[in-house]
Amino acid sequence: MLNLVLFGPPGAGKGTQSAMLVEKYKLIHLSTGDLLRGEIAAGTELGLEAKKLMDQGILVPDAVVIGMIGSKLKQNPNAGGFIFDGFPRTVAQAEALDLLLASSNTSISGMLALVVEEEELVARLLNRGKDSGRSDDQDENIIRNRIQEYNAKTAPLADFYTNQGKYKAIKGVGKIEEITSALNEAIAAL
Ligand code: AMP
């Protein structure tokens, strides 16, 4: 089973690259951001609570996203592999993911980290905000909060996966196809 974590700050290109990898490796794409936006669109209690935090660029509680991922894994017992996009975002989430996968006798194959510097991220997200319809992409302060949350809570995961020998950094700037090729090379070397 190929289970990938696609890692990187908001605006690094995780969504774009996930789409390519899902197609090539026949993986199931699990994006907690997309799942949360689905809850908001459906008007659920969980969605309403999450929206308050998402609108400020703050992470939602670990238990919420871990629960969502756990049920998606259960719903897909015969999957050939998963690509996790925007999850895990904290060490507690990464530990929970390891346990969830171990209970299905599988594990993370590798973490592929897209590296992009901060000013480029802000410019990309403001640009995406023009047509993404995402309120958290439209305000520079919220974007900077999201990047700050990433630096404080998510970036330490690089060490978590490095310690497991699973971390690969990939330059996330350049042509989309070049970045896809670099990801494919990293996957071939896993
Ligand atoms: P994303 O679409 O991945 O940029 O996520 C949008 C927002 O959803 C984030 O700013 C967080 O508020 C929330 N979110 C998404 N994934 C997670 C996660 N794994 N843990 C906590 N909050 C998350």
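Since we're looking at a predicted model, the values are computed, not measured.

**Student:** For the pattern of salt bridges, give the residues involved together with the corresponding values.
**Tutor:** For the coordinates displayed, the defined rule picks out 13 salt bridges. A salt bridge links E49 to K52, with the shortest nitrogen-to-oxygen separation between them at 3.0 Å. Linking E49 with K52, this pair stays in helix α3 (residues 45–54), spanning three residues, or about one helical turn. On the basis of relative accessible area, K52 is assigned to the exposed category, the value being 51%. The partner of D136 in a salt bridge is R146, and the shortest N-O contact between them spans 3.8 Å. With D136 in the loop between α6 (118–132) and α7 (140–154) and R146 in helix α7, this residue pair connects regions lying ten residues apart in the sequence. One connected set of salt bridges, linked through shared partners, spans R128, R134, D136, D137 and R146.

**Student:** Lay out the packing of aromatic side chains with the relevant residues and their values.
**Tutor:** Throughout the structure, instances matching the rule amount to four aromatic pairs. Between F160 and Y161 the ring centres are 5.1 Å apart and the planes differ by 75 degrees, which places this aromatic pair in the edge-to-face class. We classify F160 as buried; its relative accessible area is 17%. The structure contains a cluster of three or more aromatic residues connected by ring pairs, namely F82, F84 and F87.

**Student:** Please provide a residue-by-residue account of the sheet that holds strand β2 (residues 28–31), values included.
**Tutor:** Adjacent strands of a sheet form backbone hydrogen bonds with each other and so pair up, either parallel or antiparallel. Across the sheet, five strands lie side by side as β2-β3-β1-β4-β5; this open sheet has parallel pairing. The strands lining the two open edges of the sheet, one partner per strand, are β2 and β5 (167–171). Across this sheet, the average inter-strand angle for adjacent strands is 20 degrees, counted without regard to direction. Pairing of β2 with strand β3 (residues 81–85), which is carried by four bridges, proceeds in the parallel orientation. Bridged to S31 within β3 is D85. Together, β1 (2–7), β2, β3 and β4 (110–115) form the strand contacts of helix α1 (residues 14–25), whose direction differs from that of β3 by roughly 175 degrees.

Definitions and cut-offs
The numbers attached to residues start from 1 for each chain and follow its sequence in the written order. Local features in this predicted model are restricted to residues of pLDDT 70 or higher, and side-chain atom pairs are both shown and tallied only at a pLDDT of 80 or more, whereas totals for entire chains, interfaces and linings draw on every residue. Hydrogens are left out, water is left out, and the side-chain values use all remaining heavy atoms of the structure. The working definition used for a salt bridge is a side-chain nitrogen of Lys or Arg within 4 Å of a carboxyl oxygen of Asp or Glu. Put simply, DSSP marks the helices as runs of H or I at least four residues long and the strands as runs of E at least two long, and each gets a number from the N terminus on. Buried residues are those whose accessible area, probed at 1.4 Å on protein chains only, stays under 20% of the maximum for their type, while exposed residues exceed 50% and partly exposed ones sit between those limits. The aromatic pairing rule takes the rings of Phe, Tyr and Trp, using the six-membered ring of Trp, and pairs them if the centres are within 6.5 Å, calling planes under 30 degrees apart stacked, those over 60 edge-to-face and the rest tilted. What makes two strands pair is DSSP finding at least two bridges between them. Only the stretch in contact is used when fitting a helix axis, every axis being a line fitted to C-alpha atoms; angles between N-to-C directions are given from 0 to 180 degrees. Throughout, a contact is declared for two residues whenever any of their heavy atoms are within 4.5 Å.

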